[in-house]
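Results of the structural survey
For reference, the chains in residue letters:
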Amino acid sequence: MSAAEAGDARGAHVAVEHVGRRHPPAVVALDDVSLTLEPGEFVALTGPSGSGKTTLLSLIGGLDRPSTGRILVDGAPLDGQGLARYHRETVGFVFQHHHLLAHLTARANVELPLIGAGMGAAPRRRRAEELLAEVGLSKRLTTRAAALSGGERQRVAVARALANEPRLLLADEPTGALDSTNSALVLDLLVDARERRGATLLVVTYDPLIAARADRVLHLRDGRLVDEPATALRAAAEQPQG
Ligand SMILES: Nc1ncnc2c1ncn2[C@@H]1O[C@H](COP(=O)(O)OP(=O)(O)OP(=O)(O)O)[C@@H](O)[C@H]1O
Ligand SMILES: [Mg+2]
């Protein structure tokens, strides 16, 4: 049973301590990054292309390992032993390009992490249908991912990321490939997940509307956290929102 099912819907606490990630021979993707995500906090992560955003998200998500430093989630270091469980029970991912299996239906895609968690067929199907209803796709349950629109696919991807009630939700430019209507929808789903489930939310984004809704915005440049955002994003974020 996951922590969320047990009634403990508190978001994860994440501590990144002096983390570096190098790719031999000479690429420094991240250089001595330290940060903390408080439980239930919504943090946006920005920075120019190549600044290390995806690298940092992958490390926090346990998809990659730091070259130096360490990452603690709820006080425990991410390491080989606990990773399978971490992926199954704690963390959910939304990628820029949905990463759905094209030949599977929307419902089957959402069921995948539930299979991983060992849920039986009938409850799994029910849960996937509930989640797809939440993202407004009740009419697309049996449509194959390949036949969905871009916005619909990304909503399926959000439903899939939420399937295991993750306490930490990581999204890498989740609205990067979407028009403004679908962007707003996907952002609402993420924010809603955070508000209803108490999840901690870390979103890589160039989108000033996302950054404006975050509790805090972090800026990466050349693999390091910096105080100042890129000028264009700052200017856009300062535009009054109608
Ligand atoms: N497997 C790898 N081998 C070598 N270099 C890599 C590898 N993965 C990432 N890099 C390099 O590390 C740096 C950071 O990459 P990363 O993907 O984290 O950037 P990003 O901020 O997500 O960029 P974008 O906004 O374009 O997605 C880049 O210079 C990239 O070329
Ligand atoms: Mg990236």
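Just above, that's the structure.
Presented here is a report on the structure given in the accompanying data block. From a predicted model like this one, the values you see are computed outputs, not experimental measurements. (Residues numbered from 1 in each chain as written. Chains lettered and ligands numbered in written order. Predicted model: local features only at pLDDT ≥ 70, side-chain atom pairs only at ≥ 80, totals over all residues. Heavy atoms only, no water.)

**Digging into the overall build of the protein**
In terms of regular secondary structure, the protein is built from 8 helices and 10 strands. Its C-alpha radius of gyration of 18 Å places the protein within 12% of the 18 Å reference for a compact globule of 242 residues. Projected onto its principal axes, the C-alpha coordinates of the protein cover approximately 50 × 45 × 35 Å. Per-residue burial over the protein gives 46% buried out of 242 residues. Of the contacts formed within the protein by residues at least 6 apart in sequence, a portion of 73% connects residues at least 24 apart. Per element, the accessible surface of the protein, about 11400 Å² overall, is 51% carbon and sulfur. (Helix = DSSP H or I, 4+ residues; strand = E, 2+ residues; numbered from the N terminus. Rg over C-alpha atoms; globule rule 2.2 N^0.38 Å. Buried < 20%, exposed > 50% of the residue type's maximum accessible area, 1.4 Å probe, protein only. Contact = heavy atoms within 4.5 Å. Areas by Shrake-Rupley, 256 points an atom, 1.4 Å probe, with all protein chains shown as cover.)

**Observations concerning the pattern of salt bridges**
The full count for this structure, using the stated rule, is 19 salt bridges. The partner of E134 in a salt bridge is R197, with the nearest N and O atoms 3.0 Å apart. Of the two residues, E134 sits in helix α4 (residues 121–134) while R197 sits in helix α6 (residues 180–197), which places them 63 residues apart along the sequence. Given a relative accessible area of 34%, E134 falls into the partly exposed group. Accessibility expressed as a relative area gives 12% for R197, which makes it buried. Salt bridges sharing partners connect three or more residues here, namely R127, E130, E134, E165, D192, R196 and R197. (Salt bridge = Lys/Arg side-chain N within 4 Å of Asp/Glu carboxyl O.)

**So, the nonpolar core**
Ranked by internal contacts, the top residues of the largest apolar core, which has 36 residues, are F42, V110, L132, V156, V158, L169 and L190. When contributions to this core are tallied by element, the ones reaching two or more residues are β3 (42–46), α3 (106–116), α4, α5 (150–162), β7 (168–172), α6, β8 (200–204) and α7 (208–213). Apart from the residues lying within four places of it in its own chain, the contact partners of L132 are A106, R107, V110, L137, S138, L141, V156 and A159. Judged by nonpolar contacts, the second largest core, of 26 residues, contains L37, V43, I60 and L220. (Core = buried A, V, L, I, M, F, W, Y, C linked by side-chain atoms within 4.5 Å.)

**Observations regarding the pairing of strand β2 (residues 27–37)**
It is a general feature of regular strands that their side chains alternate between the two faces of the sheet. Note: strand β1 (residues 14–23) against β2, 7 bridges, orientation antiparallel. Residue pairing across strands places V14 opposite L37, the latter belonging to β2. The turn linking β1 back onto β2 is made up of 3 residues. (Pairing = 2+ DSSP bridges.)

**Examining the side chain of T46**
Looking at the element boundaries, T46 is found in strand β3. For T46, the side chain forms a polar contact with the side chain of H219, separated by 2.9 Å. (Polar contact = N/O pair within 3.5 Å; in protein donor to acceptor, adjacent residues only side chain to side chain.)

**Quick look at α6**
The end-to-end C-alpha distance of α6 is 25 Å, a good match for the 26 Å that 18 residues give at a rise of 1.5 Å each. Residues N182, S183, V186, L187, L189, L190, V191, A193, R194 and R197 constitute the buried set of α6. Measuring from the backbone nitrogen of T181 back to the side-chain oxygen at the start of α6 gives 3.3 Å, which picks out D179 as the cap. (Expected span 1.5 Å × (residues − 1).)

**Observations concerning the sheet that holds β7**
The pairing of strands in a sheet comes from backbone hydrogen bonds and takes either a parallel or an antiparallel form. With mixed pairing, the 6 strands of this open sheet are ordered in space as β6-β7-β8-β3-β9-β10. Two strands in the sheet have a free side with no partner beyond their single neighbour: β6 (91–94) and β10 (224–226). The average angle at which neighbouring strand axes cross in this sheet is 25 degrees, direction not considered. Across the sheet, helix α1 (residues 53–60) lies against β3, β6, β7, β8 and β9 (216–221), angled at about 155 degrees from β7, the strand it touches most. Along the sheet, helix α2 (residues 83–90) makes contact with β6 and β7, crossing β6 at roughly 70 degrees. (Axes fitted to C-alpha atoms, helices over the stretch in contact; angles between N-to-C directions.)

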